[in-house]
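Report on the structure
Listed below are the residues making up each chain.
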Amino acid sequence: MGKGDRKTRRGKTYRGSYGNNRSHTVVAPAVAGKPAVVTKPAAVKKAAPARKKSA
């Protein structure tokens, strides 16, 4: 269990990666008037055109 172990904190810091053992803390935004992140609504698919009936 050392630098080569990807599952330990020491291994995470050595590799420069993040995960369960070295997670980032969520920090609240400092500015209260900052607008919230707006995401686009899901695209609505149009219905397929009706098939022409052959006579």
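Overview of the structure. (Residues numbered from 1 in each chain as written. Predicted model: local features only at pLDDT ≥ 70, side-chain atom pairs only at ≥ 80, totals over all residues. Heavy atoms only, no water.)

1. Observations regarding the environment of Gly4
Filter applied, for reference: Helix and strand labels come from DSSP, where a helix needs a run of H or I of at least four residues and a strand needs a run of E of at least two; each type is numbered from the N terminus.
As for its placement among the helices and strands, Gly4 is situated in the segment before helix H1 (9-15). Here the alpha-carbon distance between Gly4 and Arg15, two residues eleven residues apart in the chain, equals 8.3 Å.

2. Some thoughts on the side chain of Thr8
Stated formally: Any pair of N or O atoms that falls within 3.5 Å is considered a polar contact. Within protein, one atom must be able to donate a hydrogen and the other to accept it, and sequence-neighbouring residues count only if both atoms are side-chain atoms. Whether two residues are in contact is decided by their heavy atoms: any pair within 4.5 Å suffices.
Mapping Thr8 onto the fold places it in the segment before H1. From its side chain, Thr8 meets the backbone oxygen of Asp5 in a polar contact 3.2 Å long. Ignoring anything within four residues of it in the chain, the contact list for Thr8 reads Met1, Gly2 and Asn21.

3. So, the side chain of Lys12
Test applied: Burial classification: accessible surface area is computed with a 1.4 Å probe over protein chains only, and a residue below 20% of its type maximum counts as buried, one above 50% as exposed, and the rest as partly exposed. Positive charges are assigned to Lys and Arg, negative charges to Asp and Glu, while His and the chain termini are left out of the count. By convention in these notes, a salt bridge is any Lys or Arg side-chain nitrogen within 4 Å of a carboxyl oxygen on Asp or Glu.
With respect to the secondary-structure elements, Lys12 resides in helix H1. The side chain of Lys12 sits in the buried core without any salt bridge; Asp5 is the nearest counter-charge, 8.6 Å away. Of note is the side chain of Lys12, whose polar atom sits 3.3 Å from the backbone oxygen of Arg6. The residues touching Lys12, leaving out its near neighbours within four places in the chain, are Asp5, Arg6, Ser17, Tyr18, Gly19 and Arg22.

As far as function goes, none of this settles anything; it's purely spatial.
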